[in-house]
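# Structural features, examined
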Amino acid sequence: MKDLKKYFPFYDKQSNLIYFDSSATSLKIKKVIDAEMQFLTENGTNPHAVDYKKGYQALELIEQARQLTKEFINAKKPEEIIFTSGTTHSINLLANGLKKLIKKGDEIIVTELEHSANLLPWIVLAKSNGAKVKKVELNDDFTIDIDSFKAILSSKTKIVSFASISNTIGAKNDIKLITKVIKDFNKDIIVHVDAAQSIGHIRTDVTDLNIDFMSWSAHKMYGPFGLGCLYGKYDLLNQLEPLFYGGGMSLKIESDLINYSLATLPEKLEGGTPNISAIVGFIESIKFVNLIGLENIEKYELELKKYFVDKVKENNLEKHIIFYNLDIKTPIILFNVKGVNPQDITNFLDDKYNILVRGGANCARRIEGVINTKIAIRASFGINNNKAEIDKFIEALKNTNSFLDVLF
Amino acid sequence: MIDINDDILLRKILMKHFTEPINKGLKNNKKAIIKDAKSQTCADEMQIEILIENDIFKEISFEGTACAVATSSADIFFELIINKSKSDVKKIINQYKIFLNTGEASKIELLDKLIVFKNINKQKNRILCANLAIDAINEIIE
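Rules used in this analysis
- For every chain, the first residue of the written sequence is number 1, and numbering continues from 1 onward in sequence order.
- Just so you know, chain letters begin at A and ligand numbers begin at 1, following the order they were written in.
- The model is predicted, so local features are restricted to residues of pLDDT at least 70 and side-chain atom pairs to those at 80 or more, both for listing and for counting; the totals for chains, interfaces and linings are taken over all residues.
- No hydrogens and no water enter the side-chain calculation; it runs on all heavy atoms of the structure.
- Numbering of helices and strands runs from the N terminus; a helix is a DSSP stretch of H or I covering at least four residues, while a strand is a stretch of E covering at least two.
- For the radius of gyration, the atoms used are the C-alpha atoms, and the globule rule reads 2.2 Å times the number of residues raised to 0.38.
- Two strands pair under a simple rule: DSSP has to find at least two bridges between them.
- Axes, fitted as lines to C-alpha atoms, cover a helix only where it is in contact. Angles between the N-to-C directions of the axes lie from 0 to 180 degrees.
- Residues are treated as being in contact if the distance between any of their heavy atoms lies within 4.5 Å.
- The salt bridge definition used is simple: a Lys or Arg side-chain nitrogen within 4 Å of an Asp or Glu carboxyl oxygen.
- Any residue under 20% of the maximum accessible area for its type is buried, any over 50% is exposed, and the rest in between are partly exposed; the area is computed with a 1.4 Å probe on protein chains only.
- In this document the domain limits rely on a domain assignment from an automatic tool or a database.
- Values labelled buried area give the accessible surface lost by two parts on being combined, using a 1.4 Å probe and summing over both.
- Whenever two N or O atoms come within 3.5 Å, that pair is a polar contact, provided that in protein one can donate a hydrogen and the other can accept it, and provided that, for residues adjacent in sequence, both atoms are side-chain atoms.
- Throughout this entry, Asp, Glu, Lys and Arg are counted as charged residues, while Ala, Val, Leu, Ile, Met, Phe, Trp, Tyr, Cys and Pro are counted as nonpolar. The remaining residues, Gly among them, count as polar.
- Residues grouped as a nonpolar core are buried Ala, Val, Leu, Ile, Met, Phe, Trp, Tyr and Cys residues, joined through side-chain atoms within 4.5 Å.
- The pairing test for Phe, Tyr and Trp rings, Trp by its six-membered ring, is centres within 6.5 Å, and the orientation test on the planes gives stacked under 30 degrees, edge-to-face over 60, and tilted for anything in between.
- Between the first and last residue of a helix there are one fewer steps than residues, each counted as 1.5 Å, and that sum is the expected span.

## Quick look at the overall build of chain B
Each helix and strand counted, chain B has four helices and three strands in total. Mapped from its N terminus to its C terminus, chain B presents α and β elements in the order α-β-β-β-α-α-α. Over its C-alpha atoms chain B spans a radius of gyration of 14 Å, differing by no more than 12% from the 14 Å that the globule rule assigns to 142 residues. Its C-alpha atoms give chain B principal-axis dimensions of roughly 40 × 30 × 25 Å.

## Comments concerning the sheet that holds strand E3 (residues 107-110) of chain A
Residues and elements named next belong to chain A. What the seven strands build is an open sheet, ordered E2-E8-E7-E6-E5-E3-E4; its pairing is mixed. Strands with a single pairing partner mark the edges of an open sheet, and in this sheet they are strand E2 (81-84) and strand E4 (132-135). Each adjacent strand pair in this sheet contributes to an overall mean axis angle of 20 degrees, direction not counted. For strand E5 (residues 157-163) and strand E6 (residues 190-194), the ladder comprises five bridges, and the chain directions are parallel. The residue bridging Ser-161 from the neighbouring strand is His-192, located in E6. Relative to the sheet, helix H3 (residues 87-97) contacts E2, E6, strand E7 (213-217) and strand E8 (228-232), its axis offset from that of E7 by approximately 155 degrees.

## Observations concerning the pattern of salt bridges
All names here are of chain A. Under the criterion given, the structure shown has 35 salt bridges over all chains. The partner of Lys-187 in a salt bridge is Asp-188, with the nearest N and O atoms 3.5 Å apart. With a relative accessible area of 55%, Asp-188 lands in the exposed category. Through salt bridges that share partners, Glu-63, Arg-66 and Glu-270 make up one connected network.

## What about the domain arrangement of chain A?
Residues and elements named next belong to chain A. Examined at the domain level, chain A breaks down into domain 1 (5-29 + 293-406) and domain 2 (31-291). The straight-line distance from the C-alpha centre of domain 1 to that of domain 2 is 28 Å. Residue-level contacts link 34 residues of domain 1 with 38 residues of domain 2. Of the roughly 3,000 Å² buried between domain 1 and domain 2 on both sides combined, carbon and sulfur atoms contribute 60%. Our count for the contact surface shared by domain 1 and domain 2 stands at two salt bridges. The interface formed by domain 1 and domain 2 includes 18 residue pairs in polar contact (both at pLDDT 80 or more). With five residues, helix H10 (residues 294-314) is the single largest residue contributor to the side of domain 1 that touches domain 2. Taken together, the residues of the side of domain 1 that touches domain 2 sort by class into 19 nonpolar, eight polar and seven charged.

## Some points on the interface of chain A and chain B
Counting residues at the interface gives 17 residues for chain A and 22 residues for chain B. With both sides pooled, the region where chain A packs onto chain B buries about 1,700 Å², and carbon together with sulfur makes up 53% of that total. The three residues of chain A that bury the most area against chain B are Gln343(A), Leu407(A) and Phe408(A), which together make up 42% of that side's buried surface. Residues Arg11(B) and Asp405(A) are paired through a salt bridge, measuring 2.7 Å at the closest nitrogen-oxygen approach. Between the two partners, chain A and chain B, sit ten residue pairs in polar contact (both at pLDDT 80 or more). The dominant element in the side of chain A that touches chain B, judged by the number of residues it contributes, is helix H11 (residues 342-353) of chain A, at four residues.

## Things to note about the nonpolar core
Residues Phe149(A), Phe308(A), Ile48(B) and Ile137(B) are the most contacted members of the largest nonpolar core, which totals 140 residues. Three or more residues apiece are contributed to this core by two domains, here domain 1 (5-29 + 293-406) and domain 2 (31-291) of chain A. Not counting residues up to four positions away in its chain, the partners in contact with Ile48(B) are Ile33(B), Ile34(B), Lys35(B), Ala37(B), Ile60(B), Ser61(B), Phe62(B), Phe78(B), Ala133(B), Ala136(B) and Ile137(B). Judged by nonpolar contacts, the second largest core, of 22 residues, contains Leu125(A), Ala131(A), Leu237(A) and Leu269(A).

## A word on the packing of aromatic side chains
Residues and elements named next belong to chain A. Applying the stated criterion across every chain yields a total of 17 aromatic pairs over all chains. Their ring planes at 55 degrees and their centres at 5.1 Å tell us that Phe-20 and Phe-393 sit as a pair that is tilted. Note that Phe-20 is positioned in the loop between strand E1 (18-19) and helix H1 (30-42) and Phe-393 in helix H12 (residues 387-398), a separation of 373 residues in sequence. When sorted by exposure, Phe-20 lands in the same class as Phe-393, which is buried.

## Quick notes on H11(A)
Taking 1.5 Å per residue, twelve residues should reach 16 Å; H11(A) reaches 16 Å between its end C-alpha atoms and fits that length. Every buried residue of H11(A) is accounted for by Pro342(A), Gln343(A), Asp344(A), Ile345(A), Thr346(A), Asn347(A), Phe348(A) and Leu349(A).

## Some details on unusual backbone geometry
With the exception of glycine, the majority of residues adopt a negative phi angle, and the majority of peptide bonds are in the trans configuration. That bond from Leu265(A) to Pro266(A) is cis: its omega, 0 degrees, falls within 30 degrees of zero. Along the chain, Pro266(A) falls in the loop between strand E10 (260-262) and helix H9 (276-292). In the Ramachandran plot, Tyr222(A) falls in the positive-phi region, its phi being about 70 degrees despite a non-glycine side chain. By secondary structure assignment, the location of Tyr222(A) is in the loop between E7 and E8. A residue is classified by how much of its surface remains accessible, and Tyr222(A), at 2% relative accessible area, is buried. Positioned with a positive phi, Asp55(B) is a non-glycine residue whose angle comes to about 70 degrees. Tracing the backbone through its elements, the reader meets Asp55(B) in the loop between strand E2 (45-53) and strand E3 (56-65). Residue classification places Asp55(B) among the partly exposed positions, given a relative accessible area of 43%.

Written out as structure tokens, the structure reads:
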């Protein structure tokens, strides 16, 4: 694959920076930025204001984005796509929306690798309804252990929610197999996939996978901040109680101020003025991913990971660095330098090598239940990276004993 | 007085207090107060045990995991304020805060080994680390 750096204006004035934090957010492509700017400059009207042409154009852009998204994940109809502010909003919308379905003693199954957005909403739901959140066992490669998963399913299981690719460790779950196991056991168990880490990296065909719901953010697929999606099978989605009530989703409010009627999907779940400029930007991010091709993206990122792993072995870095997930086939590296706190290393990499990585708990508060540490450094590669940058990274990792150089 | 320009010495001091902190390990004194110092922005967290008698800091110890800057600043600071009165500690903290933000202070001699953090002002994100335990003590004083 050709060097894709030219698509990312981030490098225009700071080509020396090495961005290895695509898991937190991917860099933004020029077309996305331009599209948002163009909409704000040339239109900028409210898509609810359909009485005039500009407002109607804004509405049409939303429909275009919905249609493209539907095709992108192979949903059955555009109404199955709900625009939200991001993954967190999507999962909260879902968990809150399912409130009336969850009763005392019911069970929600998750894994310990979920980031906070795919744990807290379920914990809050379970607490408020007297249900239980249960965690499934993981294999040595941190994927869901199918056998213990089968054993944990019961007549009380109502929801299973898991990440397609985990946020910190990068383990890639077999969504199709897991969903089959669940649906074979009881087709009414709701399956939700948190696709935040995978949506811009691997193809996700919701119809083929037969999942009920899926959440993700646009900003992790080279797109705008403040936008995400909740996909749901139409009938299930239609059962969700809205999280927000307001303009755009109410059809009628009676004079008794008690009775009201709501719009149908998708508007029913999209109260308030949408982030229309981000939606316009998102059109470009989907087009970009389609242009490059998810298969090519996945292949290139795995090539970078393999190159990194080979260099780690070649330079014997495992002598002073603990790597937690070298064998995992996703472009995420989780590691700790022995005897040094992650923040000292992230600061060192930034200050001395212009390498941007994350340290700490990486929004996955239960990671300590899976690997023997609460905190670690995460480097995540993307299509904006190349092998020369990995060479510099290796060089930096060889020199971590100089981490205090940042202070003197 | 330590030479603020002797980087090799400063580095050694910092490293020593990071790798072999003298005040690490809680004493579990029933008369002491326990204060949690937890960073809002990173994973650093400490529990600090403080015994104050007649307005004097008599014992301070800590436990927890934190970066080199947070750990060594806590350890150096605790060593410095032991047997000092709240008002004296307040003066040190005031000078330290100015020093962290600018690299200078009018009464720099009050800071003793804390001058190892002379370059923190160039790394704004690390000021939080260098302040973690100190802010906890400051809250007690105030």
